[in-house]
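Structural features, examined
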Amino acid sequence: METTFLTHTMPSISSKDLRRFGKPLVFALMLLPAVWLAWNWWLAYGFQPNGLGFNPQETSNRFTGDWTLRFLLLSLAVTPFSKLIRSPKPLLFRRMIGLFAFFYVTLHITSYVWLDMLFDWVELWADVLKRIYITVGFTAFLMLVPLAVTSTAGWVKRLGAKRWQRLHKLVYAIGILGVIHFIMMRKGFQIEPLIYAGMLAALLVFRVQKHLQKTKRITG
Amino acid sequence: MLIERSERWQQSENSVTSETIYLNRRRLLAGAAVVGAAALAPSVFAQRDRVLKPLAARPTSFDPGESPTSEAAITQYNNYYEFGTGKGDPAENAWRLKPAPWSVKVDGLVDKPGTYALEDLVDFNALEDRIYRLRCVEAWSMIVPWVGISLASVLKKLEPQSGAKYVAFETLADRKQMPGLRWPVLDWPYTEGLRLDEAMNDLAFLAVGLYGKELPSQNGAPLRLVVPWKYGFKSIKSIVRISLTDTQPATSWNISAPREYGFYSNVNPQVDHPRWSQRRERRIGEFGRRETAMFNGYGDLVGDMYAGMDLGKNY
Ligand code: HEM
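A few points on the structure. Just so you know, these numbers come straight off a predicted model, no measurement behind them.

Before going further, it helps to examine the overall build of chain A. Scanning chain A for helices and strands turns up ten helices and zero strands. Starting at the N terminus and ending at the C terminus, chain A contains elements arranged as α-α-α-α-α-α-α-α-α-α. Counting across all 220 residues of chain A, residues that qualify as buried make up 43%. Across chain A, the fraction of contacts at a sequence separation of at least 24, relative to all contacts at a separation of at least 6, is 66%. Accessible surface for chain A amounts to roughly 12700 Å². Of this, 72% is attributable to carbon and sulfur atoms. With 26 positive and 9 negative side-chain charges, chain A shows a spacing of 22 Å between the two charge centroids.

See the structure below:
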């Protein structure tokens, strides 16, 4: 079985090695999409063949939106995964993944504000208010800011573990808003955003189940 | 995915050639309808083995005077949800469509109903070149050199009865040919409609070709509507049915999201779509955005039809 395989292999890598080699590796991997995007814009800027297609602005808006949502869901999956393999080691990566989600939403906004709207602030503000799916995305972004700011060990101490954890539960709401943003943005009834919605739902169900088990244990 | 994209890009080299030939030819042979015999490089694109035959057509004055969008962009950046919702999906999947033999069912309030072979409906000896602007509701635009015939000339042949007030169109819906139909993105088959006076307007066009050749499948082969003063989705593709009715026909996007897509859907920079501001558009191939013109710049030809109508309500 996969789980037993993981239980046996994963803890055999020491936390020290994971910090020393695992983290830089995962960091580099998560940077790849951004590197790809930057490289292709560089090519496009020089009128070279590139992978951005016929509407490069649309491509980068969507590409960065997709990766924001992916890293957001991945960060939510860390805790369930760590429970599944009965090892705390995946938790070493949780903050990094969360910060990458924040990094990609920043690129997402940059792509939209700069490449797409060309800093036309009047048009932009009208757009954010008028188009409900952008308002939803913007709300998700605003909620993500305090989480990125308080992601350091210093802030965990300052807030206290309990309060810090409660604050960071916001990420579930952000995930839900992100998926709603995606569903609303696509025209008609499309399957792809629903796949993300399904994954998010699975993560939420897992979370709620764990919570119920905990309360049962306490009350029982 | 990356590899596939760059391949598509490279294909554009061929297309640039045939495009140049096409454009020069158009200038050289203005007035003479002899494109047919010319040895135009057959463009293959995603058609697998479908070779697009050149079509002979006579030039017209319908030309916005702006250079046409590249053939590569027009044939590889498409919205045709029957073949998938990604912009590149139609070019990839539309080879499954069988554009010949093709027939169109004509019914409703006409004196000449029946099932017509494409060749009986469209007179291939009377084709015209028309270069039109295309404005998508997603706020991008193109300049497209179509080949086809005026919609009015076809409708007259069918002899609409005096009670007919609208024309309804329907796209093919065959799962074997159209993999996108597996998902209920829209209520298939795709349907569209026009008021009869809109359909009879000079500008309303039925296209059977593009860039001097038959329509590629992803562009709505073998027969599609082109109504350039309306958002692109009104220009229904791969038409299998034309009905004349006395009531306003149901249209797919209106059924899907009535608040966003009205029956008229005229290009109108003053009436925003809840999803896209319609004041500006990106011309495919350009970096910035341009101002969008009322009726997509065709106000002098179509504006009269909407005199006195509240276009904010009738969006
Ligand atoms: C946590 C926050 C956010 C997430 C998870 C997110 C995610 C996404 C996703 C998945 C898409 C669809 C991509 C696709 O179709 O493949 C998208 C599209 C889009 N998002 Fe976001 N987004 C967020 C915040 C924002 C913000 C703050 C803005 C604007 C200020 C924004 C503007 C847009 C726009 C304009 C599109 C449409 C792209 C296009 O079709 O050109 N999003 N977003």
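Here we come to the packing of aromatic side chains. All names here are of chain B. Counted under the stated rule, the structure contains 27 aromatic pairs over all chains. Here the aromatic rings of Y132 and Y298 are separated by 6.0 Å at their centres, their planes lie at 70°, and the arrangement is edge-to-face. Taken together, the residues Y132 in strand β3 (residues 128-135) and Y298 in the loop between β12 (290-291) and α8 (299-302) connect sequence positions 166 residues apart. Seen from their ring centres, W253 and Y261 are 5.0 Å apart, and the 50° between their planes marks the pair as tilted.

Here we take up the packing of helix α2 (residues 15-45) of chain A against helix α3 (residues 56-84) of chain A. Residue and element names in this part refer to chain A. Viewed as axis vectors pointing N to C, α2 and α3 meet at an angle of 175°, and their least axial separation amounts to 11 Å. Between α2 and α3, the angle is such that the two are roughly antiparallel. Between α2, through M30, P33, W36, L37 and W41, and α3, the contact on the second element is made entirely by P56, Q57, S60, F63, T64, W67 and F71. For the contact of α2 with α3, the per-class residue count stands at nine nonpolar, three polar and no charged.

What follows concerns the coordination of the iron atom of the ligand. Residue and element names in this part refer to chain A. Distances from the iron atom of the ligand to its protein donors, H108 (NE2) and H181 (NE2), fall at 2.0 Å. In this structure, the iron atom of the ligand is surrounded by six donor atoms whose angles at the metal cover 85 to 179°, and the resulting shape is octahedral. Of the two residues, H108 is situated in helix α4 (residues 94-116) and H181 in helix α9 (residues 170-185); the sequence distance between them amounts to 73 residues.

What follows is about the sheet that holds strand β5 (residues 166-171) of chain B. Residues and elements named next belong to chain B. Judged by pairing direction, the sheet is mixed, and its five strands sit side by side in the order β2-β1-β10-β5-β6 without closing on themselves. The open sheet has two free edges, formed respectively by β2 (114-117) and β6 (191-195), since each of these has just one partner strand. The average undirected angle you get between the axes of adjacent strands in this sheet is 20°. In this structure, β5 lies alongside β6, joined through five bridges in antiparallel fashion. The partner of Y166 across the bridge, within β6, is R195.

Turning to the site of the ligand, a few remarks are in order. Residue and element names in this part refer to chain A. The immediate surroundings of the ligand are formed by 22 residues, with R62, D66, H108, H181 and R186 found nearest. Between the ligand and the protein, one listed contact pairs a nitrogen atom with a side-chain N or O atom of H108 at 2.7 Å. At a separation of 3.0 Å, an oxygen atom of the ligand approaches a polar side-chain atom of R186. If you list the elements that add at least two residues to the shell around the ligand, you get α3, α4, α6 (132-149) and α9. Looking at the shell around the ligand, the element that brings in the most residues is α3, giving seven residues.

The next thing to look at is the pairing of strand β7 (residues 205-210) of chain B. Residues and elements named next belong to chain B. Of all six residues in β7, six are buried; the element is thus mostly enclosed. As judged from the three bridges shared by β7 and strand β9 (residues 224-226), these two strands associate in the antiparallel manner. Directly across from A207, in β9, lies its bridge partner R224. In textbook terms, the turn of a hairpin is the stretch between consecutive antiparallel strands, and for β7 and strand β8 (residues 213-214) this stretch comprises two residues, one of which, Y211, has a positive phi near 50°.

Our next topic: a nonpolar patch on the surface. Residues I183, F189, I191, L194, I195 and M199 of chain A together with W183 of chain B make up a contiguous nonpolar surface patch of roughly 610 Å² in combined accessible area. Broken down by element, the nonpolar patch gets its largest block of residues, four residues, from helix α10 (residues 191-219) of chain A. Along the chain, M199 of chain A turns up in helix α10.

Before going further, it helps to spend a moment on the environment of R96 of chain B. Residue and element names in this part refer to chain B. When you line up the elements, R96 lands in the loop between α3 (89-93) and β1 (103-108). Sequence spacing of R96 and E192 is 96 residues, and the spatial spacing of their C-alpha atoms is 23 Å. Filtering out sequence-adjacent residues up to four positions away, R96 remains in contact with Q177 and P179.

All names here are of chain B. For the peptide bond that leads from W188 to P189, omega is -5°, which places it in the cis range. Mapped onto the secondary structure, P189 falls in the loop between β5 and β6. In this chain, A221 is followed by P222 through a cis amide linkage whose omega measures -5°. With respect to the element layout, P222 can be found in the loop between β8 and β9. The residue F295 is not glycine, and still its phi comes out positive at about 50°. Among the structural elements, F295 can be located in the loop between β12 and α8. Residue classification places F295 among the buried positions, given a relative accessible area of 7%.

What counts and how
- Residues numbered from 1 in each chain as written.
- Chains lettered and ligands numbered in written order.
- Predicted model: local features only at pLDDT ≥ 70, side-chain atom pairs only at ≥ 80, totals over all residues.
- Heavy atoms only, no water.
- Helix = DSSP H or I, 4+ residues; strand = E, 2+ residues; numbered from the N terminus.
- Buried < 20%, exposed > 50% of the residue type's maximum accessible area, 1.4 Å probe, protein only.
- Contact = heavy atoms within 4.5 Å.
- Areas by Shrake-Rupley, 256 points an atom, 1.4 Å probe, with all protein chains shown as cover.
- Lys, Arg positive; Asp, Glu negative; His and termini not counted.
- Charge placed at Lys NZ, Arg CZ, Asp CG, Glu CD.
- Phe/Tyr/Trp six-rings, centres within 6.5 Å; stacked < 30°, edge-to-face > 60°.
- Axes fitted to C-alpha atoms, helices over the stretch in contact; angles between N-to-C directions.
- Parallel < 35°, antiparallel > 145°, perpendicular 65-115°, else oblique.
- Nonpolar A, V, L, I, M, F, W, Y, C, P; charged D, E, K, R; others polar.
- Donors = N, O, S within 2.8 Å, 3.2 Å for Na, K, Ca; no water.
- Tetrahedral: all angles 85-135°; square planar, octahedral: opposite > 155°, others 65-115°.
- Pairing = 2+ DSSP bridges.
- Near = heavy atom within 4 Å.
- Polar contact = N/O pair within 3.5 Å; in protein donor to acceptor, adjacent residues only side chain to side chain.
- Patch = residues over 30% accessible without salt bridge, like charges linked within 9 Å, V, L, I, M, F, W, Y side chains within 5 Å.
- Salt bridge = Lys/Arg side-chain N within 4 Å of Asp/Glu carboxyl O.

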